[in-house]
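Structural characterization, general
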Amino acid sequence: MTSAAALKTFTLSNGIKIPSIAAGFGTKWASRHRPEQKEDELDPGVIQGVKDAIAAGIYHIDGAEVYGTEGEIGVAISESGVKREDLYITTKIMKNVTDPIAALKTSLTKLKTDYVDLYLIHAPFFFDNLEEVWKGLETLHKEGKAKSIGVSNFKVEHLERILKVAEIKPVINQIEFHPYLQNQSPGIVEFSQKHGVLIEAYSPLGPIKEKGPLDPILEDLSKKYSKTPAQIIIRWTLQRNVLPVTASAKPDRLKEANEVFDFTLTEEEVSKITEVGNSHEKRFFWTDGKYF
Ligand SMILES: NC(=O)c1ccc[n+]([C@@H]2O[C@H](COP(=O)([O-])OP(=O)(O)OC[C@H]3O[C@@H](n4cnc5c(N)ncnc54)[C@H](O)[C@@H]3O)[C@@H](O)[C@H]2O)c1
Ligand SMILES: OCCc1c[nH]c2ccccc12
């Protein structure tokens, strides 16, 4: 069996190593979407949140053009005291898809960096020229402005379209993934993994947000390993070869999320969570561009 610490990074299909736990600054962090907040005002809470994640040892930060948190991420990473090359920064394109070159230029200015480690198409729901946008991302990769490129919320049909035209294959598909939603769309995890596309899980902590059939199992495993239910779920995610993108405004919870490299669930325990999770479907986010 591989050691618990071996999962600290995953290796992408392009050979680049990616830190296996990410801290997300979308969803609840996207306070810049509050109508009262001006575009050029930075939210000190978000800046502190990014700094807390980095201080907790989570060097992989997940942002997006539409979250409105790139400015805060830029300030935090430049003041973090950690070298840029040791951090792993993701952003995503969704609004300015007619011009990916200009969109990333704007994002890079806000992020105060010359490149992102990962640039994702945020979702395939709102425009139809997926192939053209992908070609734009390939250009940005060739220019060194996006070290890796990938997608998010893609179904099999969307990935197939990209794979048909791709000179550079997507390395990641970021989707909602947790024990209660192991296929955001039919067959997507198996198809992605078959094509060397790493699955990144957003909302990985779904099962601890409300009661469900996994509760007693998580409780037993928590006792056995002296870990919290959140840590058990994060560890399950990693052992499924999926990269969790988690979030918290609480520094202790960020630290907790990163303290999952000193224990290993048995294969039977992983299978049990998979099986019981599959008996209860729960979706926390959007599908086909519609929120719930
Ligand atoms: N690509 C997309 O369309 C998309 C969609 C949703 C989210 N995301 C990304 O994923 C990130 C994370 O998503 P999420 O916020 O749903 O993830 P998550 O499942 O980690 O949920 C985070 C929430 O869980 C709770 N929590 C966190 N740690 C906990 C702990 N130790 N114990 C108990 N409760 C805890 C808190 O309420 C916290 O706000 C976002 O910030 C964003 O970057 C992307
Ligand atoms: O990626 C998370 C879902 C999402 C899409 N657009 C947003 C804008 C603000 C906050 C979250 C989102």
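Residues numbered from 1 in each chain as written. Chains lettered and ligands numbered in written order. Predicted model: local features only at pLDDT ≥ 70, side-chain atom pairs only at ≥ 80, totals over all residues. Heavy atoms only, no water.

Under the annotation held in an unreviewed UniProt entry, the protein chain carries the name Aldo-keto reductase superfamily protein and is attributed to Sugiyamaella lignohabitans. The UniProt entry for the protein chain carries the following comment under Sequence similarities (unreviewed entry): "Belongs to the aldo/keto reductase family." (UniProt positions renumbered as here; feature names shortened; annotations may be inferred.)

**Notes on the site of ligand 1**
Asp-62, Asn-153, Ser-203, Leu-205 and Thr-246 are the nearest of the 25 residues found near ligand 1. Between an oxygen atom of ligand 1 and a main-chain N or O atom of Gly-26, the distance comes to 3.0 Å. Protein burial of ligand 1: of its 850 Å² of free accessible surface, 87% is covered by the chains. Put simply, the parts of the chain that give the shell around ligand 1 at least two residues each are helix H7 (206-209), strand S10 (242-246) and helix H10 (251-258). (Near = heavy atom within 4 Å. Polar contact = N/O pair within 3.5 Å; in protein donor to acceptor, adjacent residues only side chain to side chain. Areas by Shrake-Rupley, 256 points an atom, 1.4 Å probe, with all protein chains shown as cover. Helix = DSSP H or I, 4+ residues; strand = E, 2+ residues; numbered from the N terminus.)

**Comments concerning the UniProt feature "active site" (unreviewed entry) in the protein chain**
In the numbering adopted here, UniProt assigns the feature "active site" (unreviewed entry) to Tyr-67. Note on placement: Tyr-67 falls in the loop between strand S4 (60-62) and helix H2 (70-79).

**Comments concerning the UniProt feature "binding site: substrate" (unreviewed entry) in the protein chain**
Summarizing the sequence annotation, UniProt attributes the feature "binding site: substrate" (unreviewed entry) to His-122 in the numbering used throughout. Mapping His-122 onto the fold places it in the loop between strand S6 (116-121) and helix H4 (130-142). Owing to a relative accessible area of 5%, His-122 belongs among the buried residues under this scheme. Ignoring sequence-local partners within four residues, the contact set of His-122 consists of Ala-64, Val-66, Tyr-67, Lys-92, Ile-93, Met-94, Ser-152, Asn-153 and Trp-286. (Buried < 20%, exposed > 50% of the residue type's maximum accessible area, 1.4 Å probe, protein only. Contact = heavy atoms within 4.5 Å.)

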